Amino acid sequence: MRLLHTSDWHLGRSFHRVGMLGAQAEFLAHLVTTVREHDVDAVVVSGDVYDRAVPPLAAVELFDDALHRLADLGVPTVMISGNHDSARRLGVGAGLMGRAGIHLRTEPAACGTPVVLSDEHGDVAVYGLPYLEPALVRDEFGVEGAGHEKVLTAAMDRVRADLAGREAGTRSVVLAHAFVTGGEPSDSERDITVGGVAAVPAGVFDGVDYVALGHLHGCQTLTDRVRYSGSPLPYSFSEAAHRKTMWLVDLAADGAVTAERIDCPVPRALARIRGTLEDLLADPALAPHEEAWIEATLTDPVRPADPMARLTERFPHTLSLVFDPARTADDPGVSYARRLAGRDDQQIAEDFVAHVRGAGPDAHERAVLRDAFDEVRAHDAVAEPAR
């Protein structure tokens, strides 16, 4: 069986104020063409279909058009909700859509109920594990605490139990939206850290033939059977080196996996350039980047006059301007953003405690801070779709 694995469309998202709906429409047209030209048997979409819980109308229309085109091809599609999606909104009409071959899996309780597809070699059970916010699903799975590993393990236990009751030789595919250990994040994913831990081990998914992951925006192979497709478009300059692709996965009769990367359309190249303003304007080596989307980091010791206007004369698609003069980290002139770069909310809060009282938090206080951040994240997951 041939699968096309994609994820993290983030329909409705912009790139540094540049609207991406046109590029997203081009990608979806490319996806449909790929399905037709490569004789794909099923499409799997591993979450973050939309960029936010309440997407703009244009993004909904784009999604609706894509579903109609996939349904017209008669190729089954299985998709799950991600941490950016509203699971309840995305799942509206799931029963009716299923009759057209579009299978939306947004309910945690249905993790152990697969979409069963068939080819000449027998059945393939496709299990959709939507993004599981630990604080919201721990009662459903009967787990203590609120960690990603515990709830995903419980969900996979249901998958393995269902699979064990099926005919011998049934092949299996799992869709999941998670941060799996060994994956390389970028700047454009929303933090899902819970209890101080974001990642889960790949061994959580043992026992199935292929795991189609979403959440991280870089295409990655964790094992031959566990892969991220990555986002089809860039959403931060940290993705400048990414090759944006989908996975074309062949699942053999015995469950063996082979996979090929299918390139996605590139709306415009990304480039990060760094140096003094005068160097950037004069350096002939930067000529290949003159039509790229640019993030320029200026190292001038004193902020030059009209830097953006001058940069755009040579690089008309400059979108981000960063000032990074050579200074030590404790220099009072260093920007607040630079001092906080690479630090998560928990670390920033602990630094604040240390700053105001002269000593960092003890173990109990760190736990209180961690619980507070987890509670806010769970509250936001419930409240955002209602806004």
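Going by the annotation in an unreviewed UniProt entry, the name recorded for the protein is Nuclease SbcCD subunit D, with Streptomyces pilosus given as the source organism. The record in UniProt for the protein states the following under Sequence similarities (unreviewed entry): "Belongs to the SbcD family." In UniProt, the protein has this text filed under Function (unreviewed entry): "SbcCD cleaves DNA hairpin structures. These structures can inhibit DNA replication and are intermediates in certain DNA recombination reactions. The complex acts as a 3'->5' double strand exonuclease that can open hairpins. It also has a 5' single-strand endonuclease activity."

Draft legend 1. Looking closely at the pattern of salt bridges. Going through the model one piece at a time under the given rule, you end up with 15 salt bridges. Among the ionic pairs, Asp65 bridges to Arg69, the shortest N-O distance being 3.7 Å. Note that Asp65 and Arg69 are positioned in helix H2 (residues 57-73) at a spacing of four residues, about one turn of the helix. According to the relative accessible area criterion, Asp65 is partly exposed, its value standing at 38%. The class for Arg69 is partly exposed, based on a relative accessible area of 33%. One salt bridge connects Asp119 with Arg171, and the closest N-O pair in it is separated by 2.6 Å. Remark: Arg171 occurs in strand S9 (residues 171-177) and Asp119 occurs in strand S7 (residues 115-119); sequence separation between them is 52 residues.

Draft legend 2. Quick peek at helix H8 (residues 307-314). Regarding H8, the residues found buried are Pro307, Leu311 and Arg314. Buried residues in H8, looked at end-on, bunch into an arc of 55 degrees, giving them a common side. Residues of H8 that are buried sit in contact with helix H7 (277-282), strand S18 (293-298) and strand S19 (318-323).

Draft legend 3. Representation of the environment of Thr153 in the model. With respect to the element layout, Thr153 can be found in helix H6 (residues 148-164). Sequence separation between Thr153 and Arg171 is 18 residues, and the spatial gap between their C-alpha atoms is 20 Å. Those residues in contact with Thr153 that sit more than four places away from it in its chain are Arg160 and Val204.

Draft legend 4. Geometry of the side chain of Glu239. Its place among the elements puts Glu239 in the loop between strand S14 (226-228) and strand S15 (245-251). A polar atom in the side chain of Glu239 sits 3.1 Å from the backbone nitrogen of Tyr235.

Draft legend 5. The arrangement of helix H1 (residues 21-37) in detail. With 17 residues, H1 extends 24 Å between its outermost C-alpha atoms, agreeing within 8% with the 24 Å of an ideal straight helix rising 1.5 Å per residue. Along H1, the residues that are buried comprise Ala23, Gln24, Phe27, Leu28, Leu31, Val32, Thr34 and Val35. Looking at the residues trailing H1, positive phi occurs at Asp39, about 50 degrees.

Draft legend 6. Layout of the pairing of strand S1 (residues 2-6). With four of its five residues buried, S1 lies for the most part within the structure. Taken together, the four bridges between S1 and S15 define a ladder with antiparallel strand orientation. The residue of S15 that forms the bridge with Leu3 is Val249. Across four bridges, S1 lies against strand S4 (residues 42-46) in parallel orientation.

Draft legend 7. Representation of unusual backbone geometry in the model. Despite not being glycine, Asp8 shows a phi value in the positive range, around 55 degrees. Tracing the backbone through its elements, the reader meets Asp8 in the loop between S1 and strand S2 (14-15). The buried category is assigned to Asp8, whose relative accessible area is 0%.

Draft legend 8. Representation of the state of the cysteines within the structure. Tallying each qualifying case throughout the model produces zero disulfides. This cysteine, Cys219, is not joined by any disulfide, and Cys264 carries the nearest cysteine sulfur, 9.0 Å off.

Draft legend 9. Local environment of the packing of aromatic side chains. Going through the model one piece at a time under the given rule, you end up with four aromatic pairs. Taking 5.3 Å as the distance between ring centres and 65 degrees as the angle between the ring planes, the aromatic pair formed by Tyr50 and Phe63 counts as edge-to-face. Residue Tyr50 is located in the loop between S4 and H2, and its partner Phe63 is located in helix H2; the two are separated by 13 residues in the primary sequence. Its relative accessible area of 8% is what places Tyr50 among the buried residues. Here the guanidinium or amino end of Arg227 rests over the ring plane of Trp247, the centre of that ring lying 4.5 Å away. Lying over the aromatic face of Phe323, Arg303 brings its terminal NZ or CZ to 3.8 Å of the ring centre.

Draft legend 10. Region of interest: the nonpolar core. Ranked by size, the top nonpolar core spans 32 residues in total, and within it Leu129, Phe141, Leu152, Met156, Val174, Phe205 and Leu213 carry the most contacts. Of all the elements in the fold, those that place two or more residues in this core are strand S8 (122-129), helix H5 (134-141), H6, S9, strand S10 (179-180), strand S12 (210-214) and S14. With seven residues, the top contributor of residues to this core is H6. Excluding residues within four positions of it along the chain, Leu213 makes contact with His5, Ser7, Ser46, Ala176, Val180, Phe205, Leu222, Val226, Arg227, Tyr228 and Ser229.

Cut-offs applied
Once a new chain begins, its residue numbering starts again from 1 and follows that chain's sequence as written. Confidence filtering applies because this is a predicted model: local features only for residues at pLDDT of at least 70, side-chain atom pairs given and counted only at 80 or more, and all residues used for totals across whole chains, interfaces and linings. Computation of side-chain values covers all heavy atoms of the structure but excludes hydrogens and water. UniProt positions are given in the numbering used here, feature names are shortened, and annotations may be inferred rather than shown by experiment. We count a salt bridge whenever a side-chain nitrogen from Lys or Arg sits within 4 Å of a carboxyl oxygen from Asp or Glu. Each helix is a run of H or I in the DSSP string that is no shorter than four residues. Each strand is a run of E no shorter than two, and both are numbered from the N terminus. Burial classification: accessible surface area is computed with a 1.4 Å probe over protein chains only, and a residue below 20% of its type maximum counts as buried, one above 50% as exposed, and the rest as partly exposed. Each direction from the helix axis to a C-beta atom contributes to the arc, which is the arc of those directions. Whether two residues are in contact is decided by their heavy atoms: any pair within 4.5 Å suffices. Definition of a polar contact: a pair of N or O atoms within 3.5 Å, with one able to donate and the other able to accept a hydrogen when the atoms are protein atoms, and with sequence-neighbouring residues admitted only if both atoms are side-chain atoms. Residue count minus one, scaled by 1.5 Å, sets the expected span of a helix. When DSSP finds at least two bridges between two strands, those strands are taken to pair. The criterion for a disulfide is a pair of cysteine sulfur atoms lying within 2.5 Å. Ring pairs are drawn from Phe, Tyr and Trp, using the six-membered ring of Trp, whenever the two centres fall within 6.5 Å, and their geometry is named by plane angle: stacked under 30 degrees, edge-to-face over 60, tilted for the rest. Ring-over charges, as used throughout, are those where CZ of Arg or NZ of Lys falls within 6 Å of the ring centre and within 35 degrees of the ring normal. Residues belong to a common nonpolar core when they are buried Ala, Val, Leu, Ile, Met, Phe, Trp, Tyr or Cys residues joined through side-chain atoms within 4.5 Å.

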